[in-house]
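# Breakdown of the fold
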Amino acid sequence: MTLRAPVRYSHDVEDVKPNEARTIAGLNATFDTILERVAKDSGHAVRSVHAKAHGILEGTLTIRPGLPPELAQGLFARPGEHKVYMRLSTNAGDILPDAVSLPRGLAIKVLDVAGERLPDAEGTNQDFVMVNGKIFQAPNAEKFLGSLKLHARTTDRIEGLKVAASTVLRGVNKALQAVGIESPTVGALGGAPNVDPLGETYYSVTPFRYGDHIAKFSLAPIAPGLTALTGHEIDASGRPNAIRETVQSEIAGIEGVWELRVQLCRDLERQPVEDPTVAWEEDEAPFACVATITVRPQDSWDEERVAAVDERMRFAVWTGLAAHRPLGNINRARKDPYKHSAEFRQNFNGCPIHEPAAGG
């Protein structure tokens, strides 16, 4: 089929609703419940979502030369190399045993990025935050707040029941997948396959400005050592940190290479900006590779790097270039809560959160 031309970005692609400020205040209050309970129970503050890290990687982003004009935008306008940090995680706001299987998360921080910054974006870096699913679990922040309130009631509670329920929900999820149904809700409740995060493909789920255009992002493994792990499930029985241990063992002996891909919006009706529960079909809006990330064999749980990245950095979609402005209701609702969570961690732990420089 003939592809449509990419949609041009303009301010009116977003539809800002009058009640968004109230919803964001509700998100902050609910995240406070999660943050405060976990900090009180453990004596240490963690992120309000994706609290548990499974690996911290250091690598190099290489932007492809000769990109066509519609792809040579923002960070990717010029070929070059940038140092990157990557944080592998799962999505809960409390530190759960890995037998509770949840969707995987991947956050990327690209260092030393030139260009006009987003409002209030500190430093000179560009962040990408992704999960191993193509769609979000709620169509807007108001619906997400409702599910978050339910999650907050069980944060740092009934751990044994969560482990048992996860086993049941994994079976439910596999039955749904067998008949072609994908359920982000079942996965978010603990029914996600307990897959190896190094073999997964990750998606931004929400759209972003892409210079003159609009796009979603994806990161896909291409090195044989990574693709061999795609779909591999980890047995976490009796091993609360099984994923971390598995990743640490694997990446110590392989070179990881991923493609960073861009999916340009070509039809605002078929690829909506405001509803992240609608998948952008790849036959209508294909992904194109704009860069690679290479990670040499390393210790993915090096104490010094974990302290620097997991404790003293934050990853947020609003940290970056104006050319990659987050778009849509969910992204607008992420700005204040991300900052709110980082400030809570910083104040409770007495550990300043900072943006690293290229040499740091």
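The notes below deal with the structure included here. Everything numeric here is computed off the predicted structure, so don't read it as measured data. (Residues numbered from 1 in each chain as written. Predicted model: local features only at pLDDT ≥ 70, side-chain atom pairs only at ≥ 80, totals over all residues. Heavy atoms only, no water.)

### What to know about the overall build of the protein
Under the convention used in this document: Here a helix means four or more residues in a row that DSSP labels H or I, a strand means two or more in a row labelled E, and each is numbered from the N terminus. With a 1.4 Å probe rolled over the protein chains alone, any residue whose accessible area is under 20% of its type maximum counts as buried; one over 50% counts as exposed, and the rest are partly exposed. Note on contacts: a residue pair is in contact if any heavy atoms of the two residues lie within 4.5 Å. Areas reported as accessible are Shrake-Rupley estimates using a 1.4 Å probe. Residue values count occlusion only from the protein chains shown.
Check the secondary structure of the protein and you find 8 helices and 9 strands. Residue burial in the protein is summarised as follows: out of 360 residues, 54% are buried. Considering only contacts within the protein whose residues lie at least 6 apart along the sequence, 78% involve residues at least 24 apart. For the protein, the accessible surface area stands at approximately 15,500 Å², while carbon and sulfur atoms represent 53% of it.

### Things to note about the packing of aromatic side chains
For any pair of aromatic rings, the description consists of the separation of the ring centres together with the inter-plane angle of the planes. What counts here: Pairing of aromatic rings covers Phe, Tyr and the six-membered ring of Trp, with a centre-to-centre limit of 6.5 Å; geometry is then stacked below 30 degrees between planes, edge-to-face above 60, and tilted otherwise. Cation placement over rings: the criterion is NZ of Lys or CZ of Arg within 6 Å of the ring centroid and within 35° of the ring normal.
Under the definition given, this model contains 7 aromatic pairs. On the basis of an interplanar angle of 55° and a centroid distance of 6.0 Å, the ring pair of Y203 and F287 is categorised as tilted. Linking Y203 in strand β5 (residues 202–203) with F287 in strand β9 (residues 287–295), this pair joins segments that are 84 residues apart in sequence. Aromatic pair F344 and F348: ring centres 5.9 Å apart, planes at 15°, arrangement stacked. Note that F344 and F348 are positioned in helix α8 (residues 329–349) at a spacing of 4 residues, about one turn of the helix. Classification of F344 by relative accessible area gives buried; the value is 18%. Clustering of aromatic rings is evident, with ring pairs tying together F76, F128, F208, Y210 and F217. The cationic tip of K109 hangs over the ring face of F315; the distance from NZ or CZ to the ring centre is 5.1 Å. Positioned above the aromatic ring of W318, the side-chain terminus of K335 is 5.1 Å from the ring centre.

### Some points on the pattern of salt bridges
We count it as follows: Whenever Lys or Arg places a side-chain nitrogen within 4 Å of a carboxyl oxygen from Asp or Glu, that contact is recorded as a salt bridge.
The final tally for this structure, using the stated rule, is 19 salt bridges. One salt bridge in this structure joins D127 and K109, with 2.9 Å as the shortest N-O distance. Residue D127 is found in strand β4 (residues 126–131), and its partner K109 is found in strand β3 (residues 104–110); the two are separated by 18 residues along the sequence. Neither residue differs from the other here; D127 and K109 are each classed as buried. R270 serves as the salt-bridge partner of E284, at 2.6 Å between the closest nitrogen and oxygen.

### Regarding the environment of S300
With respect to the secondary-structure elements, S300 resides in the loop between β9 and α7 (303–311). Classification of S300 as buried rests on a relative accessible area of 0%. The sequence separation of S300 and I56 amounts to 244 residues, and the corresponding C-alpha distance is 5.2 Å.

### Description of the pairing of strand β1 (residues 53–63)
Rule in force here: Strand pairing is defined by DSSP finding a minimum of two bridges between the two strands.
Within β1, 8 of the 11 residues are buried, which leaves the element mostly enclosed by the surrounding structure. Here 10 bridges tie β1 to strand β2 (residues 80–90), and the two strands are oriented antiparallel to one another. Note on β2: the bridge partner recorded for E58 is Y85. In the sheet, β1 pairs with β9 via 4 bridges, with the strands oriented antiparallel. The residue bridging T60 from the neighbouring strand is T294, located in β9.

### Here we look at the environment of E36
Turning to its location among the elements, E36 is positioned in helix α1 (residues 20–42). Along the sequence, E36 and F344 sit 308 residues apart, while their C-alpha atoms lie 8.7 Å from each other.

### Focus: the nonpolar core
General note: in soluble globular proteins, nonpolar side chains tend to be found buried as a group. Note the following rule: In this text, buried Ala, Val, Leu, Ile, Met, Phe, Trp, Tyr and Cys residues form a nonpolar core when linked through side-chain atoms within 4.5 Å.
Of all hydrophobic cores here, the largest spans 61 residues; its most connected members are F76 and I108. Ranked by size, the runner-up nonpolar core spans 11 residues in total, among them F144, L145, I330 and A333.

### Considerations on the side chain of H324
Under the convention used in this document: A 3.5 Å cut-off defines polar contacts: any pair of N or O atoms within that distance qualifies, except that in protein one atom must be a possible hydrogen donor and the other a possible acceptor, and neighbouring residues in sequence count only when both atoms are side-chain atoms.
For H324, the position within the fold is in the loop between α7 and α8. Reaching out from H324, the side chain makes a polar contact with the backbone nitrogen of L75 at a distance of 3.0 Å. For H324, the contacting residues outside a window of four places in its chain are Q73, G74, L75, F76, L118, Q126, F208, R209, Y210 and F217.

### Focus on unusual backbone geometry
Although it is not a glycine, D112 sits at a positive phi angle of roughly 60°. Mapped onto the secondary structure, D112 falls in the loop between β3 and β4. Relative accessible area serves as the criterion here: at 47%, D112 is assigned to the partly exposed category. Of note, D120 is a non-glycine position whose phi angle comes to about 70°, a positive value. Mapped onto the fold, D120 is located in the loop between β3 and β4.

### Regarding the packing of α1 against α8
For clarity, the cut-off: Axes here mean lines fitted to C-alpha atoms, for a helix over just the part in contact, with angles spanning 0 to 180 degrees between N-to-C directions. Two helices cross in a left-handed way if the nearer one is turned anticlockwise from the farther one by less than a right angle. They cross in a right-handed way if the turn is clockwise. Only Asp, Glu, Lys and Arg are considered charged in this grouping, and only Ala, Val, Leu, Ile, Met, Phe, Trp, Tyr, Cys and Pro are considered nonpolar; every other residue, Gly among them, is considered polar.
Across the interface, α1 lies against α8 with an axial gap of 9 Å and an inter-helix angle of 35°. Considering only the axes of α1 and α8, their crossing is right-handed. Here α1 contributes E20, I24, L27, N28, F31, D32, L35, E36 and A39 to the contact with α8, which in turn contributes N329, R332, A333, D336, P337, H340, S341, F344 and F348. A per-class count over the contact of α1 with α8 returns 9 nonpolar, 4 polar and 5 charged.

This is a description of form; function is not addressed.
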